[in-house]
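# Analysis of the macromolecular model
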Amino acid sequence: MYVELRQLRCLVAIVDEGGFTDAAVALGVSQAAVSRTLASLERTLAVRLLRRTSREVTPTATGLRVVAHARRVLGEVEGLVREAASGQASLRIGYAWSALGRHTLAFQRGWAKSHPETELQLVRANSATAGLAEGSCELGVVRRALDERRFDSAIVGLERRLCAMAADDPLARRRSVRLADLAGRTLLVDRRTGTTTTELWPPDARPATRESHDVDDWLTAISAGTCVGMTAESTAHQYPRPGVVYRPVRDAEPIAVRLAWWRDDPHPAAPAAIELLTGLYREG
């Protein structure tokens, strides 16, 4: 079964224009061509789509459903053509856990003001490439280096490392902690997208680890007091949680925040996004 776009356009035109004659004018073809195209669509679908009388043309019950679906298909195709032609109709930026932390809202509003022609979408994708490899975005916010053979990236800012712990944890009474304070604890880590590994500690003083794959599960386990976590400060801004407190880890190196893209297919809006984000992190 092969349905062609010209058949769907013809059907929608007949319904919108109220008849074959006006549809032919709108499409720039003959009335006979409109009749043939509709007939071929009805044969393909094996259903009657329109009722024709000498006075009017109206959709059947099935025709109404097909017309609604045809409008959606044609709209998607039009969007695809616009994006392919301009490369800037939309910009999807993926992130694994915490987007851009406290800069997220400022980035969204700044982008809408300075680039209204390019719709910005933030897409949560808990993968090592923040959705790039999966095709769900054109740019990805990542906090660890990617495969340089496939991806390029630019560092847009730095974030402190924070320790997340239960609010009644003895360490929560301190203003900051050290790596050595966590050596005897169980550390909850996300090996796919997280920024924390036991290599931050000396080999003879590394904490035990448990694995987590979702920020909500991570926070729930930490609030119960069975483990602690270490994360970029953006997580604290994006996910405040009753029962969980965040404290700076003062002897841990900061985390580089990168904006990444496919090396062989950079989005035209990437330089503008880098410029805006770099400015926000610098001001912060």
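Preceding this paragraph is the structure being described.
Residues numbered from 1 in each chain as written. Predicted model: local features only at pLDDT ≥ 70, side-chain atom pairs only at ≥ 80, totals over all residues. Heavy atoms only, no water.

## Here's the deal with the overall build of the chain
A count of helical and extended segments in the chain gives eight helices and twelve strands. Its C-alpha atoms give the chain a radius of gyration of 27 Å, more than 25% over the compact-globule value 19 Å for 284 residues. With the principal axes as the frame, the chain shows a C-alpha extent of 85 × 35 × 35 Å. Relative to its 284 residues, the chain shows a buried fraction of 44%. A sequence separation of at least 24 residues applies to 68% of the contacts in the chain between residues at least 6 apart. Carbon and sulfur atoms provide 50% of the accessible area of the chain, an area that totals close to 15,300 Å². Taken as two groups, the 38 positive and 34 negative side-chain charges of the chain have centres that lie 3 Å from each other. (Helix = DSSP H or I, 4+ residues; strand = E, 2+ residues; numbered from the N terminus. Rg over C-alpha atoms; globule rule 2.2 N^0.38 Å. Buried < 20%, exposed > 50% of the residue type's maximum accessible area, 1.4 Å probe, protein only. Contact = heavy atoms within 4.5 Å. Areas by Shrake-Rupley, 256 points an atom, 1.4 Å probe, with all protein chains shown as cover. Lys, Arg positive; Asp, Glu negative; His and termini not counted. Charge placed at Lys NZ, Arg CZ, Asp CG, Glu CD.)

## A short note on the packing of helix α1 (residues 5-17) against helix α3 (residues 31-45)
A pair of packed helices can be characterised by two numbers: the angle between their axes and the separation between those axes. Put simply, α1 and α3 touch, their axes get as near as 9 Å, and they point 115° apart. The angle between the axes of α1 and α3 places the two elements in the roughly perpendicular class. Considering only the axes of α1 and α3, their crossing is left-handed. For the pair α1 and α3, contact is made by Arg6, Gln7, Cys10, Leu11 and Ile14 and by Val34, Thr37, Leu38, Ser40, Leu41 and Thr44, respectively. A per-class count over the contact of α1 with α3 returns six nonpolar, four polar and one charged. (Axes fitted to C-alpha atoms, helices over the stretch in contact; angles between N-to-C directions. Parallel < 35°, antiparallel > 145°, perpendicular 65-115°, else oblique. Left-handed = near helix turned anticlockwise from the far one by under 90°. Nonpolar A, V, L, I, M, F, W, Y, C, P; charged D, E, K, R; others polar.)

## As for the packing of aromatic side chains
According to the stated counting rule, one finds three aromatic pairs in the structure shown. Seen from their ring centres, Phe151 and Trp262 are 4.5 Å apart, and the 45° between their planes marks the pair as tilted. Of the two residues, Phe151 is situated in strand β6 (residues 151-159) and Trp262 in strand β12 (residues 255-262); the sequence distance between them amounts to 111 residues. Its relative accessible area of 3% is what places Phe151 among the buried residues. Judged by relative accessible area, Trp262 falls into the partly exposed class, the value being 25%. (Phe/Tyr/Trp six-rings, centres within 6.5 Å; stacked < 30°, edge-to-face > 60°.)

## So, helix α6 (residues 215-223)
Burial in α6 covers these residues: Val215, Trp218, Leu219, Ala221 and Ile222. Looking straight down α6, one finds that the buried residues subtend no more than 165° of arc, so they occupy a single side. At the N-terminal end of α6, a side-chain oxygen is found 2.9 Å from the backbone nitrogen of Asp216, two or three residues along, and the residue is Asp214. Gly225 sits one or two positions beyond α6 and adopts a positive phi of about 85°. (Arc of directions from axis to C-beta. Polar contact = N/O pair within 3.5 Å; in protein donor to acceptor, adjacent residues only side chain to side chain.)

## Observations regarding the sheet that holds strand β4 (residues 119-124)
Pairing between the strands of a sheet is mediated by backbone hydrogen bonds and can be parallel or antiparallel. Sheet architecture is open: five strands sit in the order β4-β3-β5-β12-β6, paired in mixed fashion. One side of each edge strand has no neighbouring strand; the edge strands of this open sheet are β4 and β6. Adjacent strand axes in the sheet meet at a mean angle of 25°, parallel and antiparallel pairs treated alike. Bridge count between strand β5 (residues 139-142) and β12: three bridges; the pairing is antiparallel. Considered in β12, the bridge of Gly140 is made with Ala260. (Pairing = 2+ DSSP bridges.)

## With respect to the sheet that holds strand β7 (residues 161-166)
The strand order across the open sheet built from three strands is β10-β7-β11, with neighbouring strands paired in antiparallel fashion. One side of each edge strand has no neighbouring strand; the edge strands of this open sheet are β10 (229-232) and β11 (244-248). When the angles between neighbouring strand axes are averaged without regard to direction, this sheet yields 35°. In this sheet, β10 lies alongside β7 in antiparallel orientation, the contact comprising four bridges. Looking at the pairing, Leu162 lines up with Thr231 of β10.

## Quick notes on the pattern of salt bridges
Any two side chains of opposite charge can pair if their charged atoms end up close together. Throughout the structure, instances matching the rule amount to 14 salt bridges. Among the ionic pairs, Arg124 bridges to Asp214, the shortest N-O distance being 3.1 Å. A residue pair is termed long-range when its members are at least 10 positions apart, and Arg124 in strand β4 and Asp214 in the loop between β9 (208-211) and α6 qualify at 90 residues. With relative accessibility at 36%, the residue Arg124 sits in the partly exposed group. Of the residues examined, Asp214 reaches a relative accessible area of 23% and is grouped as partly exposed. Linked through salt bridges whose partners overlap, the residues forming this network are Asp147, Arg149 and Arg150. (Salt bridge = Lys/Arg side-chain N within 4 Å of Asp/Glu carboxyl O.)

## Some remarks on unusual backbone geometry
Even without glycine at this site, Ala46 takes up a positive phi of about 60°. When you line up the elements, Ala46 lands in the loop between α3 and β1 (50-52). Of note, the phi angle at Ala99 is positive, near 50°, even though the residue is not glycine. For Ala99, the position within the fold is in the loop between β3 (90-95) and α5 (104-114).

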